Amino acid sequence: MSALAEALIDLDAIASNVRAIASVTGTGLMAVVKADGFGHGAVQVARAALRAGASWLGVTSTAEALTLREAGVTAPTLSWLHGPDDDFGMLIKTGVDVGVSTTTHLHAVADAARLLGVPAMVQLKADTGLSRNGAAGDDWPELVGWARKYEREGGIRVRGVWSHLADADLPGAPALTRQVAIFEEALRTARSAGLSPDLVHLANSAAALSAPRTRFDLCRIGIALYGVDPFGVNGPGEFGLSPAMTVRTSVVNVKRVPAGTGVSYGPEHVTGAPTTLALLPLGYADGLPRAAGGHASVWLGGRRCPIVGRIAMDQCVVDAGDLPVTIGDPVVVFGPAEGDQHPPTVVEWARWADTNPHEILTGIGARVAREHLHGRARNS
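Residues numbered from 1 in each chain as written. Predicted model: local features only at pLDDT ≥ 70, side-chain atom pairs only at ≥ 80, totals over all residues. Heavy atoms only, no water.

### What about the overall build of the chain?
Threshold: What counts as a helix is a DSSP run of H or I of at least four residues, what counts as a strand is a run of E of at least two, and both are numbered from the N terminus. Our radius of gyration looks at C-alpha atoms and nothing else; its globule reference is 2.2 Å times the residue count to the power 0.38. Partly exposed residues are those whose accessible area sits between 20% and 50% of the maximum for their type, while under 20% is buried and over 50% is exposed, using a 1.4 Å probe and protein chains only. Only heavy atoms enter the contact rule, under which two residues are in contact if any of them lie within 4.5 Å. Accessible surface area values rest on a Shrake-Rupley calculation with a 1.4 Å probe, where residue burial reflects the displayed protein chains alone. Positive charges come from Lys and Arg alone, negative charges from Asp and Glu alone, with His and the N- and C-terminal ends not counted. For charged residues, the charge sits on one atom: NZ in Lys, CZ in Arg, CG in Asp, CD in Glu.
Within the chain, the secondary structure is distributed over 11 helices and 19 strands. A compact globule built from 380 residues would reach a C-alpha radius of gyration of about 21 Å, and the chain, at 24 Å, matches this within 12%. For the chain, the proportion of its 380 residues judged to be buried stands at 54%. A fraction of 66% describes how many contacts in the chain between residues 6 or more apart in sequence connect residues 24 or more apart. Only carbon and sulfur atoms are counted for the fraction: they give 53% of the accessible area of the chain, which is about 15800 Å². Between the mean site of the 32 positive side-chain charges and the mean site of the 37 negative ones, the chain shows a separation of 2 Å.

### Topic: the packing of helix 6 (residues 103-116) against helix 7 (residues 139-153)
The following threshold applies: The convention used is that axes are lines fitted to C-alpha atoms, helices contributing only their stretch in contact, and that angles between N-to-C directions extend from 0 to 180 degrees. An angle below 35 degrees is treated as roughly parallel, one above 145 as roughly antiparallel, one from 65 to 115 as roughly perpendicular, and anything else as oblique.
Close contact between helix 6 and helix 7 brings their axes to 10 Å; oriented N to C, the two are set at 10°. Here helix 7 runs roughly parallel to helix 6, going by the angle between their axes. Mapping the contact onto sequence places T103, L106, H107 and A110 in helix 6 and E142, L143, W146, A147 and Y150 in helix 7.

### A look at unusual backbone geometry
Between G266 and the following residue, P267, the backbone shows a cis peptide bond with an omega angle of -10°. Mapping P267 onto the fold places it in the loop between strand 12 (262-263) and strand 13 (269-270). Even without glycine at this site, F38 takes up a positive phi of about 50°. The residue F38 is located in helix 2 (residues 34-38) in this model. Exposure remark for F38: the relative accessible area of 5% places this residue in the buried category. The phi angle at S131 is positive, at roughly 60°, despite the residue not being glycine. Inspection of the secondary structure puts S131 in the loop between strand 6 (120-125) and helix 7.

### Here's the deal with the sheet that holds strand 10 (residues 245-250)
Test applied: Any two strands with at least two DSSP-identified bridges between them are counted as paired.
In spatial order, the strands read 11-14-17-16-15-18-10-1-19; together these 9 strands make up an open sheet with mixed pairing. Each having just a single partner strand, strand 11 (253-257) and strand 19 (369-373) make up the two edges of the open sheet. Strand-to-strand twist of the sheet, defined as the mean angle between neighbouring strand axes without regard to direction, takes the value 35°. In this structure, strand 10 lies alongside strand 18 (residues 330-334), joined through 4 bridges in antiparallel fashion. Counterpart to V247 in the pairing with strand 18 is F334.

### Some points on helix 7
Stated precisely, the cut-off is as follows: Expected helix span is computed as 1.5 Å times (number of residues minus one). The directions considered for the arc are those from the helix axis to the C-beta atoms.
Its 15 residues give helix 7 an end-to-end C-alpha distance of 21 Å, which sits within 8% of 21 Å, the value for a rise of 1.5 Å per residue. All buried positions along helix 7 are accounted for by W140, L143, V144, A147, Y150 and E151. The arc that holds the buried residues of helix 7, viewed along the axis, is 130°, so those residues lie on one side. The exposed set on the far side of helix 7, more than 90 degrees from its buried face, consists of R152 and E153. Looking at the buried side of helix 7, the elements it contacts are strand 5 (97-100), helix 6, strand 6, strand 7 (156-162) and helix 8 (174-192). Downstream of helix 7 by one or two residues, G154 has phi in the positive range, about 85°.

This is the structure we're talking about:
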């Protein structure tokens, strides 16, 4: 049974993005493949990124890390968001580094390592101003002190010290300079306590591309890995990034309607002239944000056509004007420009929905089939 819509994932674009970013940073790269590779497929993206030169993988949870290991991906991997009762033993046994932000978690990791008789690889996270995970204030010296104690006892090895930036996508923001200074002080504290981390990392996609002082040993690349400019102004191209995902579907119903015809719920849209309406089998359950209704467009019949009326759970309506549309005609919801085709980008969809591209990409639902390609035309 064929899917009503599909997301085509260009793995060559993923590889190209890794190489483009590495040419700027000159450091090792951690490919962040959390949230199923931002909706692109974690295992497939991980393999493509590693082949292109990425040296680390980053995930959020134990489940995500184990998915990679079960697929045979053995590359160095950091998992950084856990409950205190998480199965740290499985992470240790499969060689996954554990991101640690509190002494509660550190004790749990050390206990798991002691039961296994195998040292745990940990990376200590400092909170430098994002106020999410990470240790800040007096909690950081305490975390460092316990880590050194466990390291001397042979229960853990502190492989890394790291943090995350709050607004690196705003070049020149004073907060970035403050965060770097706080991070450097946290690193000094760790080294003064006797820790010798092999990896120091702070930069995300935006900082990796624009803030050399943040690069250290490793840069964690998330949204840029998938071909989206992290600054969201000029779009992909400035750094040689290639969007990896194309979402496409086809027309499932067509009707010619007179002026004054209400469209979808409400109706919030009434046609101003005779027109052709094309029905698409995609809605907010598939990742088209309801808030984008009345703003968004798609590529149909060689041009952009607006989505009119409310986006429903499973479908939306496009005003095709006088185009000779028929059932089965292909539609590109978003994707890169190719030749004379210029479909909307994921950045535009994010703007129409008043969100960020991350939410659009990760929101593409399970009913949208993924197909992983190597350089094949995506908009055909």
